[in-house]
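# Results of the structural survey
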Amino acid sequence: MATRSAIINVMSRAADKAARGLRRDFGEVEHLQVSMKGPADFVSAADLKAERVLREELRKARPTYGLVMEEGGHTAGEDPNHRWIVDPLDGTTNFLHGLPHFAISIALEREGEIVAGLIFDPLKDEMFWAEKGIGAFLNDHRLRVSSRRNLDQAVLATGFPFRAQAERPTFLAQLDAVMGATAGVRRFGSASLDLAYVAAGRYDGFWENSLSPWDIAAGILIVREAGGYVSEIGGGSDMMTSGSILAANDRLHAPIGRLLRDAAAR
Ligand code: IPD
Ligand code: CA
Ligand code: CA
């Protein structure tokens, strides 16, 4: 059994409260799919509502901490050493289309380092969380990355650069290389859950470009605390700034990195 610290309790209470609204709103989306207007405005309202709940709950529990939120931007706190990094709804396109795969992601940064992370999938009731030096957990069970060592048996996740046209040729070369070398590739549409699934050993690895800090802050810690490796695709360690990320189990991180870099150089 995992013992949750005070800070994880703050994060999980906030996520639970925001999740109640998202669950309710997701139920409505199915009805809206068939209406003329479509669900787009409704979904952006659901997103903003979840963010407001998270902001209120986190502020109530830790009034001096700063906040970085996808929709609301940066709010400086009195305490310059702590800030929350939050994506209230990661997987918006899925939500909008009635696809049941999205999450709330919350990370706590202390003096520039992520010390706690939580990713909550409200429909599957799966709460992935980690604290620096303590380990990673799914609900109450400890997480461990997969132990697969052969690329040809590995399943990797990725995200398509759907808007960034300039990134497409490199991405397609990488996808081609990975398709030829592994057992399969998935694109489920929620980067935070992609990382959580690497931590849980469901995926053996995940790579994507052009992500934002709120997509990956919690997941980076959860993967590392589950024994996995995380870097930029090029090998550097500035994922939060560049938005480039490669996360994998400890055995496959290096070979996947080589495969992706070789493909990009061709
Ligand atoms: C998106 C998802 C998706 C990734 C995109 C992100 P959003 O976040 O994480 O998997 O490919 O790049 O922007 O917009 O649903 O919060
Ligand atoms: Ca996101
Ligand atoms: Ca989002």
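Sequence order sets the numbering: in each chain, residues are counted from 1 along the sequence as written. Whichever chain is written first becomes A and whichever ligand is written first becomes 1, with later ones labelled in order. For this predicted model, a pLDDT threshold of at least 70 governs which residues receive local features, and a threshold of 80 or more governs which side-chain atom pairs are given and counted, while totals over whole chains, interfaces and linings are taken from all residues. Hydrogens and water are ignored here; the side-chain numbers use all heavy atoms of the structure.

### Description of the overall build of the protein chain
Secondary structure elements are defined from DSSP: runs of H or I of at least 4 residues count as helices, runs of E of at least 2 residues count as strands, and each element is numbered from the N terminus. The helix and strand inventory of the protein chain stands at eight helices and 13 strands. For the radius of gyration, the atoms used are the C-alpha atoms, and the globule rule reads 2.2 Å times the number of residues raised to 0.38. Taking 2.2 N^0.38 as the reference for a compact globule, 266 residues should give roughly 18 Å; the C-alpha atoms of the protein chain span a radius of gyration of 18 Å, in line with that estimate. Dimensions of the protein chain along its principal axes, counting C-alpha atoms only, are 50 × 50 × 35 Å. The 266 residues of the protein chain split such that 52% are buried. Contact definition: two residues touch when any of their heavy atoms are within 4.5 Å. At a minimum sequence separation of 6, the contacts of the protein chain that also span at least 24 residues come to 61%. Each accessible area is a Shrake-Rupley result for a 1.4 Å probe, and residues are judged covered by the shown protein chains and nothing else. By element, 50% of the accessible surface of the protein chain is carried by carbon and sulfur atoms, the whole surface being about 12100 Å². The convention is simple: Lys and Arg are positive, Asp and Glu are negative, and His and the chain ends are not counted. In plain terms, the charge of a residue is placed at NZ if it is Lys, CZ if Arg, CG if Asp and CD if Glu. Mean positive and mean negative side-chain charge positions of the protein chain (31 and 35 charges, respectively) differ by 3 Å. Any residue under 20% of the maximum accessible area for its type is buried, any over 50% is exposed, and the rest in between are partly exposed; the area is computed with a 1.4 Å probe on protein chains only.

### Description of the packing of aromatic side chains
Between rings of Phe, Tyr and Trp, where Trp is taken as its six-membered ring, a pair exists when centres lie within 6.5 Å; planes separated by under 30 degrees are stacked, by over 60 edge-to-face, and by other angles tilted. Enumeration according to the criterion identifies 10 aromatic pairs in this entry. A ring pair is formed by Phe-128 and Tyr-197, whose centres lie 6.1 Å apart and whose planes are at 50°; its orientation type is tilted. Of the two residues, Phe-128 sits in strand E6 (residues 126–131) while Tyr-197 sits in helix H5 (residues 191–199), which places them 69 residues apart along the sequence. One aromatic cluster is present, formed by Phe-128, Phe-188, Tyr-197 and Tyr-203 through successive ring pairs. A ring has a charge above it when a Lys NZ or an Arg CZ is no more than 6 Å from the ring centre and no more than 35 degrees off the ring normal. Above the ring of Phe-160, the side-chain terminus of Arg-187 is found at 5.5 Å from the ring centroid. Between Arg-202 and the ring centre of Tyr-197, over which it is positioned, the NZ or CZ distance is 4.6 Å.

### Re the sheet that holds strand E1 (residues 66–69)
One open sheet accounts for eight strands, arranged E2-E1-E3-E4-E5-E6-E7-E8; its pairing is mixed. Unpaired on one side and paired on the other, strand E2 (73–75) and strand E8 (141–142) mark the two borders of the sheet. Between any two strands, at least two bridges found by DSSP are needed for them to pair. Across seven bridges, strand E4 (residues 103–110) lies against strand E5 (residues 113–121) in antiparallel orientation. When the sheet's bridge partners are listed, Ser-105 is paired in E5 with Ile-119. Contacting strand E3 (82–90), E4, E5 and E6, H5 crosses the sheet at an angle of about 100° to E5. Packed on one face of the sheet, helix H6 (residues 213–225) meets E1, E3, E4, E5, E6 and strand E7 (135–138) and runs near 100° to E5. For every element, the axis is a line fit to its C-alpha atoms; helices are fit only across the contacting stretch, and the angle between N-to-C directions ranges from 0 to 180 degrees.

### Some thoughts on the coordination of the calcium ion (ligand 3)
Metal donors: N, O and S atoms at distances within 2.8 Å, or within 3.2 Å for Na, K and Ca, with water omitted from the atom set so that some sites may seem incomplete. Protein-derived coordination of the calcium ion (ligand 3) comes from Glu-70 (OE), Asp-87 (OD), Asp-87 (OD) and Leu-89 (O), at a distance range of 2.1 to 3.2 Å. Along the chain, the residues donating to the calcium ion (ligand 3) are arranged with the sequence spacing E-x16-D-x1-L. A spacing of 3.7 Å is found between the calcium ion (ligand 3) and the calcium ion (ligand 2), which share Asp-87 as a donor.

### As for the pattern of salt bridges
Any Lys or Arg side-chain nitrogen found within 4 Å of a carboxyl oxygen on Asp or Glu counts as a salt bridge. By the definition in use, this model includes 11 salt bridges. As a salt-bridge pair, Glu-57 and Lys-60 come within 3.2 Å of each other at their nearest N and O atoms. Separated by three residues within a single helix, Glu-57 and Lys-60 lie in helix H2 (residues 40–61), roughly one turn from each other. In this structure Glu-57 comes out as buried when scored by relative accessible area, which is 15%. When the shortest N-O distance is used, the salt bridge between Arg-83 and Glu-109 registers 2.6 Å.

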